[in-house]
Amino acid sequence: MEKSFKINSSVVKTNVFESRFLKKVFLTLFLCFFCFAKNIFAFDFGVLLFNDTAGKGIAGNAFSLDQKDEVSAWIKIPFGESFSHYLAAECLYRFEYDGYTGFYANYVDMPLLKYSFGTDAGSGFFDLNVGRFFASDLTSRIIAQNADGCSVSFKNDFFSLQGYASYTGFLNGNITKMLDAKDFNAVDSRQVYSLADKYLNVMATVIFPDLFLQQTVAVQGIGSFRFAEKSYNRFYGTVSISGPIYQGLMYDVSASAGVKSYDGEDVVVSPFVKGRLSYYFSKWAVNVNAVFAGKDFTGITSLKAYNSALEPEYTDFIKAGISASVKPFDILLLSAGFDSVFDGTKNYGFKGIQYNVDATLQIASDVMIGAGWVHYIDMNVTEENYKSISLKAKIAM
């Protein structure tokens, strides 16, 4: 967390006013453009408004305001009658304010700019994507981010082949956060657009969707190569299996090995295992989850592993827990979860617990509001204790 950057209340008020003005200008320009263009081209477009207002308490301190406001606009231009041949784009503006540190920032980004083409190919289907788009690995814990690149896939009833390659040097590192080499000059969080470190990420996947007894088996390899004076290369191999056990009982398990090497230093090998057992009722779902990240395991995308105030990554810990969700009404979703965390730096001794309660209400097809409570209690380090109550809203236009 950044505690060296402070602002007074007048600056915050001024910035909030300026950010609201920028949002109005941004929204007006896009609405004018889309309304004009729609008369010429047959395409879909929309605007999404998002607000996340939270009060968070860190290490026993009083609650402080944590604010995120975002406006994004998207467009999708089809080519011909096919739903598989189109051009899609999205741009956004985000305002962030952290009352605990006094930090605030304005960011802009283009998370999506993709040309997509899909067509039947013999007994299967071929798909091509080029541009900036989101990609994720089998575990969703190694890489899960936008990047500029290309993906190709071919699938039929028996198997699916997927290839992916991307470059990260043009991303906004304040929006797409990665686990960088230790010599990288950190992304400047005060800049509207701060370039991320330069990596080439490649991924190859083979999936057998119904190999035996309705079980899906997948194998994946990932490589990440840094373009800099000091190299930082990472490799991952993952095997996953998932499928039904009996009626509404499902499971999925994945095991990965990560290999990393920084500028000629010793090669480090570490494991990552993730599993889930799920049971689905008519309106209920119950999940039992477990994650094991070995010592020195490092992914590519920065992802918070559990709700400690230190925002730890997926490395050197075990987390196990249970979660449940229910839809008492079609417009209301309720969920709750409980996890125990074990510290790998202390022989995987008991570290802490976390629990959360959430409610999401779909007021209309384009309006959604939600509320949530999160609490993490560390048994050893009180500075990691964290609690948060939040209100969220999304409006699509």
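As the structure is a computational prediction, the values presented were derived from the model and not from experiment.

Visitor: Explain the overall build of the chain here, please?
Guide: Counting its regular elements, the chain contains one helix and 18 strands. Out of the 397 residues in the chain, the part that is buried amounts to 41%.

Visitor: What exactly am I supposed to notice about the environment of Phe159 here?
Guide: Tracing the backbone shows Phe159 in the loop between strand E6 (144-155) and strand E7 (160-167). Here Phe159 falls in the partly exposed class, since its relative accessible area comes to 21%.

Visitor: How should I be thinking about the environment of Asp339 in this particular structure?
Guide: Mapped onto the secondary structure, Asp339 falls in strand E15 (residues 332-343). A sequence separation of 16 residues divides Asp339 from Ser323, and the C-alpha atoms of the two residues are 8.5 Å apart. Not counting residues within four places of it along the chain, the set of residues in contact with Asp339 comprises Lys319, Ala320, Gly321, Ile322, Gly352, Ile353 and Gln354.

Visitor: Please explain the pattern of salt bridges as it appears in this structure.
Guide: Opposite charge on two side chains permits them to pair, given that their charged atoms come into close proximity. Counted under the stated rule, the structure contains eleven salt bridges. Note that Lys68 and Asp66 form a salt bridge whose closest N and O atoms lie 3.3 Å from each other. Residue Lys351 pairs with Glu384 through a salt bridge whose shortest N-O separation is 3.0 Å. Of this pair, Lys351 sits in strand E16 (residues 349-364) while Glu384 sits in the loop between strand E17 (367-378) and strand E18 (386-396), placing them 33 residues apart in sequence. In this structure Lys351 comes out as buried when scored by relative accessible area, which is 5%. A cluster of three or more residues bridged by salt bridges with shared partners is formed by Lys56, Asp66, Lys68 and Asp98.

Visitor: Looking at this structure, I do not really get a nonpolar patch on the surface. What am I missing?
Guide: A cluster of nonpolar side chains, namely Phe79, Leu87, Met110, Leu113, Tyr115 and Val130, defines an oily patch on the protein surface of about 450 Å² accessible area. The element that contributes the greatest number of residues to the nonpolar patch is strand E4 (residues 103-121), accounting for three residues. With respect to the helices, strands and loops of the structure, Leu113 is situated in strand E4. Look at Leu113 and you get partly exposed, because its relative accessible area is 41%.

Visitor: Looking at this structure, how should I read the side chain of Ser160?
Guide: Tracing the backbone through its elements, the reader meets Ser160 in strand E7. Owing to a relative accessible area of 10%, Ser160 belongs among the buried residues under this scheme. One polar contact links Ser160 to Gln162, side chain to side chain, over a distance of 3.4 Å. Leaving out residues up to four positions away in the same chain, Ser160 has contacts with Phe154, Lys155, Thr205, Val206 and Ile207.

Visitor: Looking at this structure, I do not really get unusual backbone geometry. What am I missing?
Guide: If a residue is not glycine, its phi is most likely negative; likewise, a peptide bond is most likely trans. Residues other than glycine seldom take positive phi values, yet Asp316 does so here, at roughly 60 degrees. Positionally, Asp316 belongs in the loop between strand E13 (284-293) and strand E14 (317-329).

Visitor: Got a minute to help me understand the nonpolar core in this structure?
Guide: One recurring pattern in soluble globular proteins is that nonpolar side chains are buried together. One finds Ile222 and Phe317 to be the most contacted residues of the largest nonpolar core, which totals 30 residues. Among the elements of the structure, strand E5 (124-136), strand E8 (199-212), strand E10 (232-246) and E13 are those that each provide at least two residues to this core. Not counting chain neighbours up to four residues away, the residues in contact with Ile222 comprise Asp137, Ile142, Ile143, Val202, Met203, Arg234, Phe235, Tyr236 and Ile300.

Visitor: Got a minute to help me understand the environment of Ser194 in this structure?
Guide: Within the secondary structure layout, Ser194 lies in the loop between E7 and E8. Taking the C-alpha atoms as reference points, Ser194 and Ile175, separated by 19 residues in sequence, lie 9.1 Å from one another. In this structure, Ser194 is in contact with Leu171, Asn172, Gly173, Asn174, Val187 and Asp188, ignoring residues within four places of it in sequence. Here the side chain of Ser194 touches Asp188 through a polar contact of 3.2 Å, landing on its backbone nitrogen.

Visitor: Mind showing me how you'd approach the packing of aromatic side chains here?
Guide: The relation between two aromatic rings is expressed through the spacing of the ring centres and the mutual angle of the planes. In the structure shown here, the tally under the stated rule is 19 aromatic pairs. Note on Phe292 and Tyr348: the rings are 5.8 Å apart at their centroids and 55 degrees apart in plane angle, and the pair reads as tilted. On the criterion of sequence distance, the pair formed by Phe292 in strand E13 and Tyr348 in the loop between E15 and E16 is long-range, its members being 56 residues apart. Put simply, the rings of Tyr236, Phe272, Phe297, Tyr306, Tyr314, Phe317 and Tyr376 pair up and form one aromatic cluster. The ring of Tyr86 carries the charged tip of Lys76 above its face, separated from the ring centre by 4.3 Å.

Visitor: Would you mind going over the pairing of E18 with me for this structure?
Guide: Put simply, side chains in a regular strand alternate between the two faces of the sheet. When strand E1 (residues 44-58) meets E18, the two strands line up antiparallel, connected through eleven bridges. Directly across from Leu48, in E18, lies its bridge partner Ala396.

Visitor: Please explain the pairing of strand E3 (residues 85-98) as it appears in this structure.
Guide: Taking burial as the measure, the 14 residues of E3 include twelve buried ones, the bulk of the element. Bridge analysis of strand E2 (residues 64-78) against E3 gives 13 bridges, and the strand direction is antiparallel. Across the sheet, the residue bridging to Ser72 is Leu92, located in E3. Hairpin connection, E2 to E3: the antiparallel pair is bridged by six residues, and Gly80 has positive phi, about 75 degrees. Pairing of E3 with E4, which is carried by 13 bridges, proceeds in the antiparallel orientation. The partner of Tyr93 across the bridge, within E4, is Val108. From the end of E3 to the start of E4, which pair antiparallel, there are four residues, and Gly102 there has a positive phi angle of about 80 degrees.

Criteria and thresholds
- All residue numbers refer to position in the chain's written sequence, counted from 1.
- Reporting of local features is limited, given that this is a predicted model, to residues whose pLDDT is at least 70; pairs of side-chain atoms are given and counted only at 80 or more, and all residues count toward the totals for whole chains, interfaces and linings.
- Calculation of side-chain values draws on the structure's entire complement of heavy atoms; hydrogens and water are dropped beforehand.
- Secondary structure follows DSSP: runs of H or I at least 4 residues long count as helices, runs of E at least 2 residues long count as strands, and numbering of each begins at the N terminus.
- Only protein chains enter the calculation, and the probe is 1.4 Å; a residue is then buried if its accessible area is under 20% of its type maximum, exposed if over 50%, and partly exposed in between.
- For this analysis, residues touch if any pair of their heavy atoms sits within 4.5 Å.
- Salt bridge, as applied in this entry: a Lys or Arg side-chain nitrogen positioned within 4 Å of an Asp or Glu carboxyl oxygen.
- Two joining distances apply to patches: 9 Å for like charges and 5 Å for nonpolar side chains (Val, Leu, Ile, Met, Phe, Trp, Tyr), and every residue must have over 30% relative accessible area and no salt bridge.
- Each accessible area is a Shrake-Rupley estimate made with a 1.4 Å probe; only the visible protein chains count as cover when residues are assessed.
- Polar contacts here mean pairs of N or O atoms no more than 3.5 Å apart (in protein, one a potential hydrogen donor and the other a potential acceptor; neighbouring residues in sequence count only if both atoms are side-chain atoms).
- In these notes, a set of buried Ala, Val, Leu, Ile, Met, Phe, Trp, Tyr and Cys residues joined through side-chain atoms within 4.5 Å is what counts as a nonpolar core.
- Within 6.5 Å between ring centres, the rings of Phe, Tyr and Trp (the latter by its six-membered ring) count as paired, and their orientation is classed by plane angle as stacked under 30 degrees, edge-to-face over 60, tilted in between.
- Cation placement over rings: the criterion is NZ of Lys or CZ of Arg within 6 Å of the ring centroid and within 35° of the ring normal.
- A pair of strands is labelled paired if DSSP reports no fewer than 2 bridges between them.

In short, geometric facts, not functional conclusions.
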